[in-house]
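# Commentary on secondary and tertiary structure
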Amino acid sequence: MLNSIARTAFTRLFTPPARLLLRLGLSADAVTVIGTIGVCLGALVLYPLGHLFWGTVVITVFVLADMLDGIMARLSGASSPWGAFLDSTLDRIADSAVFVGLALWFFLGAEDPLTALLALVCLVAGSLVSYVRARGEALGVTAAGGIAERADRLLVTLVVTGVVGLGVPVVVLTVALGALSLLCVITVIQRMSAVHAQLVPEPPVE
């Protein structure tokens, strides 16, 4: 949902820094890689150590930086199938790192197996959301949209994790991850329904 709502606003906000990075000689692909590395470091180093707030700060900075790559590609005229493939693939790695980092902390540090398990459920369900879209588009149909797109999942996870890092009870994150898992399942069903409607014709009305 947030993808369609916020795209125009973020494009206006990030166009000036995107132009600056292009003048400095950075390519869109380089920014994609740097953003993914930053997210992974924040998630897999700070989260497992229990630094939920600062880990979220680092991840958020690099997630926002990662939004620059598409704008840079359009401004430079360098948009390509490879760039789209790289961005999509590294997005999956970054998303996985966030939930793995949370699972590591709650399994090994906080000793909260329920929250850790829900983080892993979010990882699997979120990956399935992305897979359904990719597989549908490979068949030549539209499979985007749904109630819990990537931006929605990241926003909920990072905001709630950050406030838990500031002292809000962990149960808030547990509930949020449980709700997010359910929303991901609903999104998978929505996307599968959309693909089915496009690939399976309605029976003729007699």
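These numbers were taken from a predicted model, which means no experiment stands behind them.

Okay, the overall build of the protein next. Within the protein, the regular secondary structure consists of eight helices and zero strands. Secondary structure elements of the protein, listed N to C terminal, follow the sequence α-α-α-α-α-α-α-α. Computed over its C-alpha atoms, the radius of gyration of the protein comes to 18 Å, within 12% of the 17 Å expected for a compact globule of 206 residues. Along the first, second and third principal axes, the C-alpha atoms of the protein reach 60 × 50 × 25 Å. Taking all 206 residues of the protein together, the buried fraction comes to 37%. Relative to all contacts within the protein whose residues are 6 or more apart in sequence, the contacts with residues 24 or more apart total 78%.

Attention now goes to the side chain of T15. Note that T15 resides in helix α1 (residues 2-23). Residue classification places T15 among the buried positions, given a relative accessible area of 16%. With residues near it in sequence (within four places) discarded, T15 still touches I71 and L75.

Within the element layout of this structure, V39 appears in helix α2 (residues 28-46). For the pair formed by V39 and A94, sequence separation is 55 residues and the distance between their alpha carbons is 5.9 Å. Leave out the neighbours within four places in its chain, and V39 touches I59, F62, V63, A94 and V98.

With that out of the way, let us pick up the side chain of S130. The residue S130 is located in helix α6 (residues 113-138) in this model. Assessed through its relative accessible area of 15%, S130 is described here as buried. Excluding anything up to four places from it in sequence, S130 contacts R92, R153 and R191.

With that settled, consider the pattern of salt bridges. Using the criterion set out here, one finds five salt bridges in the structure. A salt bridge links R92 to D95, with the shortest nitrogen-to-oxygen separation between them at 3.8 Å. Taken together, the residues span about one helical turn, with R92 and D95 both in helix α5 (residues 81-109) at a distance of three residues. Judged by relative accessible area, which is 26%, R92 ranks as partly exposed. Taking relative accessible area as the criterion, D95 reaches 10% and is therefore assigned buried. Between E137 and R133 there is a salt bridge, with its nearest N and O atoms 3.0 Å apart. Placement of both E137 and R133 in helix α6 is noted, with a separation of four residues, approximately one turn of the helix. Overall, E137 belongs to the partly exposed group, its relative accessible area being 39%. One network of salt bridges, in which partners are shared, links D91, R92, D95 and R150.

Reading guide: rules and limits
- Residues numbered from 1 in each chain as written.
- Predicted model: local features only at pLDDT ≥ 70, side-chain atom pairs only at ≥ 80, totals over all residues.
- Heavy atoms only, no water.
- Helix = DSSP H or I, 4+ residues; strand = E, 2+ residues; numbered from the N terminus.
- Rg over C-alpha atoms; globule rule 2.2 N^0.38 Å.
- Buried < 20%, exposed > 50% of the residue type's maximum accessible area, 1.4 Å probe, protein only.
- Contact = heavy atoms within 4.5 Å.
- Salt bridge = Lys/Arg side-chain N within 4 Å of Asp/Glu carboxyl O.

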